[in-house]
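Chain by chain, the residues:
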Amino acid sequence: MGKAVRSSVVFAINGRRVELTDVDPRTSVLNYIREETEFKGTKRGCGEGGCGSCVVLLSKYDSKSNKIEEYTINSCLAPICSVDGCAITTTEGLKNGKEPHAVHTRLAEFHASQCGFCTPGMAVSIYSCLKNSSKKSSMGAESTKPTVAEAQKAIAGNLCRCTGYRPILDVCKSFAADVDIEDLGVNTFWESSELAKESSLNLYQSEKDPEFPTFLKIQAGDYLEVKSVRAEEVTAWRSASTLSELFTMYEEETKGKNRDVNFVAGNTSSGVYKDFKPSVYIDINKIPELHSVVETDCTLEVGSAVSLSKLITIMDARGGPVYSELAKHLRKVANEHVRNRASVGGNLILAQKRGFASDVATILLGAGSQVTIATSRDSCIKDMEEFLAGVSPDTTILQCIRIPSWAQYSKDGKEKLFFKTYRSSPRKNGNAVSSVNAAFLGIFQTPEVDNGYTVGKVQQLRLAFGHLGAPHAMRAKRTEKYLLQKTVNPDVLKNAVKILREDILSSAKDDDLYTATYKASVAVSYLFQFFEPLLPSSNLTSSQVGTPCMNGGDTLSNGSKVHSRDVTGTKSKSEVHNKGDTCTNGNSEVHNKGDTDSNGNSEVHDKGDTGTNGAAMNGTNSDESAVRSFGRTSGNGIGIGEGFWGAQSFPHYDEFSPLSKPAAKDAAVLQASGEAVYTGDIPSPPGTLHAALVYSKKALAKVKALEASDALTSPGATSFFCAKDCIAENVSVVNNIAGLEFREPLFAEETVHFVGECLGVLVADTHEHAVLAAEKVKVDYDNSTLGPPILSVEDAAGMNSFKISPLAVMGTASVGDELIKGEYRMENIELFAGSQYYFYMETHTALAVPDEDDCITVYSSNHSPEVLHDTLSAALGIPMHNIRVITRRLGGSFGGKNTRSLIVATACALAAFKLKKPVRMTLDRNTDMVLSGGRHESKATYSVEFNKDGKITSLETNVLMNGGYPDDYRDLLGLLLTKAMKCYNWTSWRHVSKVCRTNLPARSMMRAPGEIQGNFFAESIVEHVATYLGLDRDKVREINMHTHESAKLFYGPSTTGKAELFTLPKIVQRTKDLSNFESRKLNVHSFNKRSMWVKRGISLTHVIYPNMQSAKVARVSLFKDGSVAVASGGTEMGQGLFTKVKQATAYGLSLLWGENATGKVDLSKIRIVENDSISLANAGTTNAGTTSEGTCEAVVNACKMLVKNLTPIYLKLKANGGESPRWEDVVKLAKGSRVVLTAEARNGEIGPATEYMACGACASEVEVDLLTGSVKVLQADLVYDCGKSLNPAVDIGQIEGSFVQGIGYYLTEQIKWDENGVLLTNGTWTYKPPTIDNIPQKFNVELLNSAVDSSRILSSKTAGEAPLVLSTSVHLAVREAIKSARADLQHLPPVPGHCGPENMKGSTDPLLIRNSVTSMENVKRLCGLYNVEQYLEKLSIESS
Ligand SMILES: Cc1cc2nc3c(=O)[nH]c(=O)nc-3n(C[C@H](O)[C@H](O)[C@H](O)COP(=O)(O)OP(=O)(O)OC[C@H]3O[C@@H](n4cnc5c(N)ncnc54)[C@H](O)[C@@H]3O)c2cc1C
Ligand code: FES
Ligand code: FES
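Analysis parameters
- Residues numbered from 1 in each chain as written.
- Chains lettered and ligands numbered in written order.
- Predicted model: local features only at pLDDT ≥ 70, side-chain atom pairs only at ≥ 80, totals over all residues.
- Heavy atoms only, no water.
- Helix = DSSP H or I, 4+ residues; strand = E, 2+ residues; numbered from the N terminus.
- Buried < 20%, exposed > 50% of the residue type's maximum accessible area, 1.4 Å probe, protein only.
- Contact = heavy atoms within 4.5 Å.
- Areas by Shrake-Rupley, 256 points an atom, 1.4 Å probe, with all protein chains shown as cover.
- Near = heavy atom within 4 Å.
- Polar contact = N/O pair within 3.5 Å; in protein donor to acceptor, adjacent residues only side chain to side chain.
- Nonpolar A, V, L, I, M, F, W, Y, C, P; charged D, E, K, R; others polar.
- Patch = residues over 30% accessible without salt bridge, like charges linked within 9 Å, V, L, I, M, F, W, Y side chains within 5 Å.
- Salt bridge = Lys/Arg side-chain N within 4 Å of Asp/Glu carboxyl O.
- Lys, Arg positive; Asp, Glu negative; His and termini not counted.
- Charge placed at Lys NZ, Arg CZ, Asp CG, Glu CD.
- Pairing = 2+ DSSP bridges.
- Axes fitted to C-alpha atoms, helices over the stretch in contact; angles between N-to-C directions.
- UniProt positions renumbered as here; feature names shortened; annotations may be inferred.
- Parallel < 35°, antiparallel > 145°, perpendicular 65-115°, else oblique.
- Left-handed = near helix turned anticlockwise from the far one by under 90°.
- Core = buried A, V, L, I, M, F, W, Y, C linked by side-chain atoms within 4.5 Å.
- Phe/Tyr/Trp six-rings, centres within 6.5 Å; stacked < 30°, edge-to-face > 60°.

**Student:** I'm lost on the overall build of the chain in this one. Help?
**Tutor:** Across its full length, the chain holds 37 helices and 51 strands. The buried share of the chain, taken over its 1440 residues, is 66%. Taking contacts inside the chain between residues at least 6 apart in sequence as the whole, the part at least 24 apart equals 77%. Total accessible area on the chain is roughly 47800 Å²; 50% of this is exposed by carbon and sulfur atoms.

Encoded structure:
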């Protein structure tokens, strides 16, 4: 039968047939969905495959098996033609008619959606897991539900910047077969854990799932041939049915034509090499040979187009030491969505041709694989090594890969096989390229005599390493050769390690994230890990560190145990069960199984309680009726299984209902189902043009020329505007709010001052064309006259390029001005706190629509509508009433959309105004990162005096903050940092903060701005004092902790408040109790004594967060049907403002029935409308975390005005016989009686806007792998004073989310610039916000009610920012673990020639760690880059 060819792409989206006859094959599925359909739920967070917000479910019919295969993909990476014949399901498609899906409602009811931008991707990922599990029964499985572990891994490839993941993981678990329903966290299905019932949950019913469209079955097997000619550009998609046809097609497309032709399998490489846009795609997926799987006893041969996910399944089914290990490793490659599409062949080609840091190439090299290369004439087989070293011409195809089973070497035979793979990355389960990867295969003789050796001589050895900086994965041949025919003993291993390090250092190169020295050190660690368990028992005596283990678990794939070994080399053969190490009740057992993770991370399976006792601390207010607790709250020794767990408890009271209730987030179901509209989802009006920014690529230079003529000939380009085209003022920020005035230009003029500074805006017919044309604008820079850019604070200070924050220069806080002398002094010690990027999931976006009579409406993702309003007026030279700024919701901000997004909105408005056409712009992730800057990196220099008991008597601090170039909130930042540094009673303190102007992008008010840096400095100082004196850190903390009196001195009486409001001591004590801190501290100590290569640390820190409410406004309007619309100045960005405002409205209007009448106006009657700067003028900004409470107060005030208006009507109805008149009747009659039904009010009009202090504390425990530097957060117990929480579920969400963001700050989110001021960490490849791999495995949160202050609404306290600061406890716990590692180093001999800082000995150095960045590399450096060599040296000395 001939080949059925179709020239139009046919697929289904949410059941609807789509046929595209003229389509550019470069269009991604994501772009198609977003631009051509109404399904806007599928979001773009990165365009790189790294965030999961674009995930859709793909269903494909296989006519041979008559089965439908379903899996998730990143729609940003999939070309539209690649889904020909498939059904796409987006989150909207999960709905059954108008009914939301169970996944949607559970995401909403478990409070798992905050800003909601990640939620559609989460929903589809979870749904895919359920869907595939539901098919398990056909495979004979007992349950059609996933296990907890399977369900949780469903979201391993998705980023969420708001929630901290715990509630999303609860949603996943809630669908699992093996979940104990009582372990689930706070939700609205039941009121507390005692009432937990599975039947309360809405069920997933697979029979209601969307059906696979029949029309797609009929045409399955068709081949696609699409050709498109646009703007004289020819693009095509062709689909080959055989290898020979493929070669013919290639020849046809290339011969005599100048075209980029690309074979395409999964096309996931488009996430790696984004600039490569071929004009012709030849799809290789329908060539049978490339999908074949041939199994023999000795090999597995897979076609090159087989996806990584399929390969995992095949290998799992096959089993055996090699295939199982390979499959385990592959599960950590990329993420599931990518693996579902990514082919093994595509990966190897990238490794070979592009030098991609492939895991696949390394592990297949290690396993001794071969490849078959086909040309149009013949084919040949090559060893992986030979293949990688060559460059296959474009006319060749990688046909298949042959992977040996090595089955002939059974471990029971004469020769034993060991195969092990390694990768280390900041995310254990993948979704992060490894720093170094490796695969080792060894065949060993069995020992002839039992002399303590596990194995005999090395018979064969393959040591493969990848991502070292060499062009491709390679074998360490010299090391292999050295080890061959040797029995491995400490001396042999020591020499092997030496050879390996030399070899690796000679080829390793620094990359954007890791240095060559670190890579070499990790490579050495891998070799050590491979051979260490094979070393014989030694007779060495144990020293002061007892009987430690390596990491307490298996490291070899054959199941042999790693022997316990202390630092001096003593080895015990027992499997290590660390009893009760992290448990809090002292009698439960921890099985540190340490298996599964090839980077040396052991997995802790805590069989025990979560550390909470279920009772929230009683607040100072005695009117609390009960405590609501969710999650496993009491320790009973019952195992809670694998995964992430947490308990949440909060006080419960009824009198302000529905305020104070844990109501589900407003619009959460809409967010999950994809119907919530974000700025980028607003449909473009007809004729809309698209804009892209042209920005400086130099940090400091004169602009000699800016030339756009070539760019304007680019397809679709229409206009270019720069400084000379400004209409009125050249301005992108005009800030007059909060007494802080600053202006920033829109376009640079003669000089550029940082990379990312805007030079102009290019307008075109489509987004793609605008971006393409913007790249073509020529900028002629001259950097010969201005000198080098200032990048560091030291350079800035040296050149007097700074502003002293006026409010941050303190006198002493003691009585009088003298600093008080102590018995000891440390001076001029430096500390460094790093930067952080906001990583809101929705990048900056705006749509400007010009209107009649010089008016304009600007939809913008920002939370300073008033500032944007002012800015537009100045930029466009029009009165303010001509401008309307509209924002409905933001996909997160964390301070980044306060002022930083205004540039996008202003540039759009300028272009729209000039062109008299709507203009829209959305930044791609890389541009957003380059332009937006982030947190202020800071350096502190301090001198401290103290007594022998640890009491600090004086502190002098001089802090330099890197403010970048633009002004932004420069004046405020020093003050905020100063506030944070007051968290201890320094007795006397002199402090200066200088915010430096450097040639870097703006540093703005990122969540807890200046606060986390200040807290880090303060905690480090206390820790240094303790270390210097050799005292317990917690004792020194305690002695320097504020009392109410000292707090008044430092913060002032009005912020500190009355003595009974000073909750810090109680909170710290409660945190100790909740976490069982003292006994876990002992456990950590004893664990560290026993464990050589894995160390733990535990630390408890506190936060004092002074707040001041700014002016907020709200207007409440009643309609005659009883429905209510509320407009507020606050912007919803995930923090739950609208939810609380809705609750406050219901509470406020219910006052019509009297003080104690609650809940008379139903929440469903109330709608919170978008911010609109015309309908609610002068609305201020949303920041500092206090907007929710201020707005609630404004709303209640407005409601009280309405209640006053309505009362006569209410009384009239009551008098007419209605005992309790209905709300609808009251409003209807009031309308007819000409009562004013709209009221606008501000906060502070009835009760005073107030200052207050919020306190919290957290105990965190971590585990550090000394071989790679990776860190795992085992547990965090956090107690926070929320006053009377306006909505405990929302506040707990804020607490957990910000804490995890803080973990990112310390552990994973490194910002790096090159020496020219160019941002190196500018996308998801290099910048790593936490995923589920980085969150605490147990996370218990307890809210405290300290409410007695009736001047604020419910005496509530903000929870959005302060908990981020508590993540310092994680950092300090890491330090504790490192300290233990360094104490061990003291007992090891130095490695000759390596006495640099990385090899520094001793635990007494008071300046142990000065840097906040506890990245893997920094941790490894501090634990000893040569610790393996030192250890082997010791073994070698002692055994000789
Ligand atoms: C977010 C993300 C994270 C990732 N993380 C990792 C990781 O941790 N470790 C890792 O190893 N990889 C990682 N990758 C890389 C990923 O594995 C590769 O992108 C993927 O395997 C490539 O397969 P593909 O089918 O999509 O190739 P495609 O993108 O279709 O093709 C890639 C290249 O290979 C060519 N090609 C494809 N098949 C053949 C063939 N049979 N013969 C000749 N040429 C061919 C194509 O022409 C193209 O030039 C990651 C990728 C992404 C997007
Ligand atoms: S947008 Fe596709 S993964 Fe981020
Ligand atoms: S809710 Fe997940 S990114 Fe905002």
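**Student:** Honestly, the site of ligand 1 in this entry has me stumped. Any pointers?
**Tutor:** If you check the shell around ligand 1, you find 32 residues, and the closest are Asn262, Phe263, Thr268, Ser269 and Ser343. One of the side-chain N or O atoms of Ser343 is found 2.6 Å from an oxygen atom in ligand 1. Out of a free accessible area of 980 Å², ligand 1 has 95% covered by protein chains. Looking at the shell around ligand 1, the elements with two or more residues in it are strand 9 (261–264), helix 11 (344–354), helix 12 (359–366) and strand 15 (397–404). In terms of residues, the shell around ligand 1 owes the most to one element, helix 11, which gives four residues. Here the residues of the shell around ligand 1 are counted per class, giving 17 nonpolar, 11 polar and four charged.

**Student:** Quick question: what am I supposed to make of a negative patch on the surface here?
**Tutor:** Where like charges cluster on the molecular surface, the negative patch consists of Asp851, Glu852, Asp853 and Asp854. The class of Asp854 is partly exposed, set by a relative accessible area of 40%.

**Student:** Hey, could you run me through helix 9 (residues 321–330) in this one?
**Tutor:** The α-helix advances 3.6 residues per turn, and as a result positions three or four apart in sequence lie on the same side. Taking burial as the measure, the 10 residues of helix 9 include seven buried ones, the bulk of the element. Every buried residue of helix 9 is accounted for by Val322, Tyr323, Glu325, Leu326, Ala327, His329 and Leu330.

**Student:** It is not clear to me how the sheet that holds strand 18 (residues 458–466) should be interpreted in this structure. Could you clarify?
**Tutor:** Pairing between the strands of a sheet comes from backbone hydrogen bonds, and it takes one of two forms, parallel or antiparallel. An order of 16-17-18-19 is seen for the four strands of this open sheet, with the pairing classed as antiparallel. A single partner strand is all that each edge strand has here, and the edge strands are strand 16 (415–423) and strand 19 (474–475). Pairing geometry for strand 17 (residues 437–445) and strand 18, over eight bridges, is antiparallel. Bridge assignment links Leu441 to a residue of strand 18, and that residue is Arg462. The sheet contacts of helix 9 involve strand 16 and strand 17, and relative to strand 16 the element is tilted by about 5 degrees. Against the sheet, helix 12 engages strand 16, strand 17, strand 18 and strand 19, with an angle of about 10 degrees to strand 17.

**Student:** Explain the UniProt feature "active site" (unreviewed entry) in the chain here, please?
**Tutor:** As recorded in UniProt, the feature "active site" (unreviewed entry) lies at Glu1361. Looking at the secondary structure, you find Glu1361 in the loop between strand 51 (1338–1344) and helix 34 (1362–1365). Taking relative accessible area as the criterion, Glu1361 reaches 13% and is therefore assigned buried.

**Student:** What exactly am I supposed to notice about the packing of helix 9 against helix 12 here?
**Tutor:** Helix packing geometry: the angle between the two helix axes and the distance between the axes. Put simply, helix 9 and helix 12 touch, their axes get as near as 11 Å, and they point 170 degrees apart. Compared by their axis directions, helix 9 and helix 12 come out roughly antiparallel. Contacts from Leu326, His329 and Leu330 in helix 9 reach Asp359, Val360, Ile363 and Leu364 in helix 12. Per-class residue counts for the contact of helix 9 with helix 12 are five nonpolar, one polar and one charged.

**Student:** Is there a simple way to explain the UniProt feature "binding site: FAD" (unreviewed entry) in the chain in this structure?
**Tutor:** Following the UniProt record, one finds the feature "binding site: FAD" (unreviewed entry) at Ser343, Val344, Gly345, Gly346, Asn347, Asp359, Leu398 and Arg423. Among the structural elements, Val344 can be located in helix 11. Apart from the residues lying within four places of it in its own chain, the contact partners of Val344 are Val302, Gly303, Ser304, Val306, Leu308, Leu311, Val360, Leu364 and Ile401. Residues contacting Gly345, with those up to four places away along its chain left out, are Ser304, Leu398 and Ile401.

**Student:** How do you make sense of the sheet that holds strand 47 (residues 1171–1172) when you look at a structure like this?
**Tutor:** With mixed pairing, the eight strands of this open sheet are ordered in space as 28-32-26-39-36-37-38-47. The sheet terminates laterally at strand 28 (717–722) and strand 47, the two strands that pair on one side only. In this sheet, strand 39 (residues 919–922) lies alongside strand 36 (residues 845–851) in antiparallel orientation, the contact comprising four bridges. The residue of strand 39 that forms the bridge with Ala846 is Met921.

**Student:** Explain the environment of Leu1100 here, please?
**Tutor:** Considering the arrangement of structural elements, one finds Leu1100 in strand 43 (residues 1094–1108). C-alpha of Leu1100 to C-alpha of Arg1033: the two residues are 67 residues apart in sequence and 9.6 Å apart in space. Non-local contacts of Leu1100, meaning those with residues more than four positions away in its chain, are made with Asp1034, Arg1037, Val1068, Thr1071, Lys1072, Phe1077, Ala1257, Cys1258 and Ala1259.

**Student:** Before we go on, may I ask you to explain the packing of helix 20 (residues 865–876) against helix 21 (residues 902–915) in this structure?
**Tutor:** Running from amino to carboxyl end, helix 20 crosses helix 21 at an angle of 40 degrees, the nearest separation of the two axes being 10 Å. What the angle tells us is that helix 20 and helix 21 run oblique. Crossing geometry of helix 20 relative to helix 21 is assigned as right-handed. Contacts from Val867, Leu868, Thr871, Leu872, Ala875 and Leu876 of helix 20 reach helix 21 at Leu902, Ala905, Thr906, Ala909, Leu910 and Phe913. For the contact of helix 20 with helix 21, the class distribution of residues is 10 nonpolar, two polar and no charged.

**Student:** Please explain the nonpolar core as it appears in this structure.
**Tutor:** If you look at the biggest cluster of nonpolar residues, it comprises 255 residues, and the most contacted ones within it are Ile126, Phe465, Phe531, Ile856 and Trp986. Those residues within four positions of Ile856 in sequence are excluded, and the remaining contacts are Ala848, Val849, Pro850, Asp851, Leu876, Ile878, Asn882, Ile883, Arg884, Ala909, Ala912 and Phe913. Counting 46 residues, the second largest nonpolar core, distinct from the first, contains Leu326, Val338, Leu364 and Leu388.

**Student:** What should I look at first to understand the packing of aromatic side chains in this one?
**Tutor:** For any pair of aromatic rings, the description rests on two quantities: the centre-to-centre distance and the angle between the ring planes. For the structure shown, the criterion picks out 42 aromatic pairs. Their ring planes at 15 degrees and their centres at 6.0 Å tell us that Phe630 and Phe650 sit as a pair that is stacked. One end of the pair, Phe630, is in strand 24 (residues 626–630); the other, Phe650, is in strand 25 (residues 648–652), with 20 residues separating them in the sequence. Of the two residues examined, Phe630 and Phe650, each falls in the buried class. Ring geometry for Phe1299 and Phe1339: centres 5.1 Å apart, planes at 45 degrees, overall tilted. Placement of the pair is Phe1299 in helix 33 (residues 1288–1308) and Phe1339 in strand 51, with a sequence separation of 40 residues.

**Student:** Please explain the pairing of strand 2 (residues 9–13) as it appears in this structure.
**Tutor:** Strand 2 sits mainly inside the fold: five of its five residues count as buried. By the alternation rule, side chains of strand 2 split into Val9, Phe11 and Ile13 and Val10 and Ala12, which are all buried. Counting the residues that bridge the hairpin from strand 2 to strand 3 (residues 16–20) gives two residues, and of these Asn14 lies at a positive phi of roughly 50 degrees. Direction of pairing for strand 2 relative to strand 6 (residues 87–89): parallel, over a ladder of two bridges. Pairing of Ala12 across the sheet is with Ala87, part of strand 6.

**Student:** I would appreciate a short explanation of the side chain of Lys939 in the present structure.
**Tutor:** Its location among the elements puts Lys939 in strand 40 (residues 938–946). Of note is the side chain of Lys939, whose polar atom sits 3.1 Å from the side chain of Glu794. Of note is the side chain of Lys939, whose polar atom sits 3.3 Å from the side chain of Glu830. Apart from residues no more than four positions distant in its own chain, Lys939 is found in contact with Val793, Glu794, Glu830, Leu831, Asn958, Val959, Leu960 and Phe1017.

**Student:** What is the right way to read the pairing of strand 5 (residues 67–74) from this model?
**Tutor:** The side chains of a regular strand alternate between both faces of the sheet. Note that strand 4 (residues 55–62) and strand 5 share eight bridges and pair antiparallel. By the bridge assignment for strand 5, Leu57 is matched with Thr72.

**Student:** Got a minute to help me understand unusual backbone geometry in this structure?
**Tutor:** One can expect most non-glycine residues to show negative phi and most peptide bonds to be in trans. Geometrically, the link from Ser657 to Pro658 is a cis peptide bond, its omega value of 0 degrees lying close to zero. Here Pro658 lies in the loop between strand 25 and helix 17 (668–673). The phi dihedral of Asp853 is positive, around 55 degrees, even though this residue is not glycine. If you trace the backbone, Asp853 turns up in the loop between strand 36 and strand 37 (855–860). Classification of Asp853 by relative accessible area gives exposed; the value is 65%. Even without glycine at this site, Thr987 takes up a positive phi of about 70 degrees. For Thr987, a relative accessible area of 22% translates into the label partly exposed.

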